[in-house]
Structure formats: structure tokens, C-alpha cells
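Below are the chains, spelled out letter by letter.
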Amino acid sequence: GENVEQHPSTLSVQEGDSAVIKCTYSDSASNYFPWYKQELGKRPQLIIDIRSNVGEKKDQRIAVTLNKTAKHFSLHITETQPEDSAVYFCAATGRRALTFGSGTRLQVQP
Amino acid sequence: NAGVMQNPRHLVRRRGQEARLRCSPMKGHSHVYWYRQLPEEGLKFMVYLQKENIIDESGMPKERFSAEFPKEGPSILRIQQVVRGDSAAYFCASSPQGGNEKLFFGSGTQLSVL
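**Comments concerning the overall build of chain A**
At step 1: Secondary structure assignment for chain A yields zero helices and eleven strands.
At step 2: When the helices and strands of chain A are read in sequence order from the N terminus, they spell out β-β-β-β-β-β-β-β-β-β-β.
At step 3: Relative to its length of 110 residues, chain A is compact, with a C-alpha radius of gyration of 13 Å against a globular reference of 13 Å.
At step 4: Projected onto the principal axes, the alpha-carbon positions of chain A cover approximately 40 × 30 × 20 Å.
At step 5: Look at the contacts in chain A between residues 6 or more apart in sequence, and 52% of them connect residues 24 or more apart.
At step 6: Working note: accessible area of chain A is about 5500 Å², and carbon and sulfur atoms make up 45% of it.
At step 7: Treating the 13 positive side-chain charges of chain A as one cloud and the 12 negative ones as another, the clouds have centres 8 Å apart.

Shown next as C-alpha cells:
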């Protein structure tokens, strides 16, 4: 089945700095890669996604890049703000359901 | 436009009791997915259902766990004879079509087994 590895597990940055979270996947047939943000005690919420026919996608301060050859994709958050503090999960399409990474706890220090 | 609705939000059971978790997908969504999340861990896939059909239950434990999504009413995740290790947050997600894309999550049910 699909295996998704996510790094780092924790990330602390100063407000205004950039944050980068990286994921690798195993199934070369995967073609959809979403990112979810989960605040403490809340539901995971989709923040951005990318399909395999695109190499990069940007939405304001958030961008995602995909390297299909290397089977890795990354989330980039620029000009981080304290409200960006949360756990971020990457995911990739598996055989029948999304497979999630283990999560990255991002802490933005004011 | 109500999102994915899960109830109860919190459920406390004693060892050996049964737990029933409910999930109503978003309007117009006919695909439901259940995930389990242990503290400080990621989301682990359990089961994928369409109306009256189990599509993929490869993530479900072989014993004590079952799921259904009847023609009418919510999807139900049922855990029989709960044990302490079943304590977790159980999230339901729905999507408008298959292909496991654009999942919308409910608020989850926090199950605590005493």
C-alpha cells in the first residue's frame, strides 16, 4: 500500500520567517496531494492541494511543490504568523483512500 | 450548507461496552471515510463506504470493529467490547465523488475507554 513519510515532526520558526515541510510517497500511481491543517482539538482542514500534472501551486502565503520523479512534495509557508501554529498533514492518494503523513507541529514564535 | 456532522463529540465507555459513532456526510456527498487518530499521531485510514456498500475496509481491525452506511441515515462505526487501546479521536470525512479526493472532515468523536 501507499506509504507517506513527513519531516520534520516539529518545527519552530520566528514570526515572519518561512516554514517548509517535506513529504515523500511510495506509490508512483498517486496523483493527488492535499495538505491539511489541524488546530488543537479541531478537525483537519484542507488548505491547499496539487495534482500530478502540475509542479507548483500557490495561494497567497502558502505554496506547494511536487517532484513526481523523486516522489516528494513540499509545503511552503512564507511570512509566518502566530495563527499559522498548528499541526500540518500531507497526504497522497492511495489505492482507495488518502494516506496521511505523521504530521508536523509548527510553532510560530511571536 | 452544513458540513460533515459527527456525534457524539465525546463518548465515554467502560471496558467491554459498545461504542457507536455516527457520521452524516455533507449534502450531496455519497462517499464516507473513517479515520482514527491517536494522541500526537497522524490519521490512520480505517474504512471507506458508499451507500449500502463497503468499498475498502483494509484499515479496520479484524475483530470488534464494523461500519455501515445505510440507504437512509448516517454512517455508523461500531466498536464492540471496547478496550483501553480503542481510546482515540475518530474522524469521519466525506467527498462528493470517489477517487479519494477533496475530503471534508467532521469534528470527530473523542472516545475514552475507562
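**Some thoughts on the sheet that holds strand β3 (residues 19–24) of chain B**
Paired through their backbone hydrogen bonds, the strands of a sheet run either parallel or antiparallel.
Residues and elements named next belong to chain B.
At step 1: Strand order across the open sheet formed by four strands is β1-β3-β8-β7, with antiparallel pairing between neighbours. Pairing within the sheet leaves two strands with one partner each, and these edge strands are β1 (5–7) and β7 (65–68). Each strand axis lies, on average, 15° off the axis of its neighbour in the sheet, ignoring direction.
At step 2: As paired strands, β3 and strand β8 (residues 75–79) are joined by five bridges and run antiparallel to one another. In the strand pairing of β8, A19 is matched with I79.

**What about the state of the cysteines?**
Residues and elements named next belong to chain B.
At step 1: On inspection of all chains with the given rule, the structure shows two disulfides over all chains.
At step 2: Between C23 and C92 runs a disulfide, and the two sulfur atoms are separated by 1.8 Å. Judged by the sign of its S-S torsion, about -50°, the cystine formed by C23 and C92 is left-handed. Of this pair, C23 sits in strand β3 while C92 sits in strand β9 (residues 88–95); the two residues are 69 residues apart in sequence, bridging distant segments of the chain. The residues C23 and C92 share a single accessibility class, namely buried.

Calculation criteria
- Residues numbered from 1 in each chain as written.
- Chains lettered and ligands numbered in written order.
- Predicted model: local features only at pLDDT ≥ 70, side-chain atom pairs only at ≥ 80, totals over all residues.
- Heavy atoms only, no water.
- Helix = DSSP H or I, 4+ residues; strand = E, 2+ residues; numbered from the N terminus.
- Rg over C-alpha atoms; globule rule 2.2 N^0.38 Å.
- Contact = heavy atoms within 4.5 Å.
- Areas by Shrake-Rupley, 256 points an atom, 1.4 Å probe, with all protein chains shown as cover.
- Lys, Arg positive; Asp, Glu negative; His and termini not counted.
- Charge placed at Lys NZ, Arg CZ, Asp CG, Glu CD.
- Pairing = 2+ DSSP bridges.
- Axes fitted to C-alpha atoms, helices over the stretch in contact; angles between N-to-C directions.
- Disulfide = S-S within 2.5 Å.
- Buried < 20%, exposed > 50% of the residue type's maximum accessible area, 1.4 Å probe, protein only.

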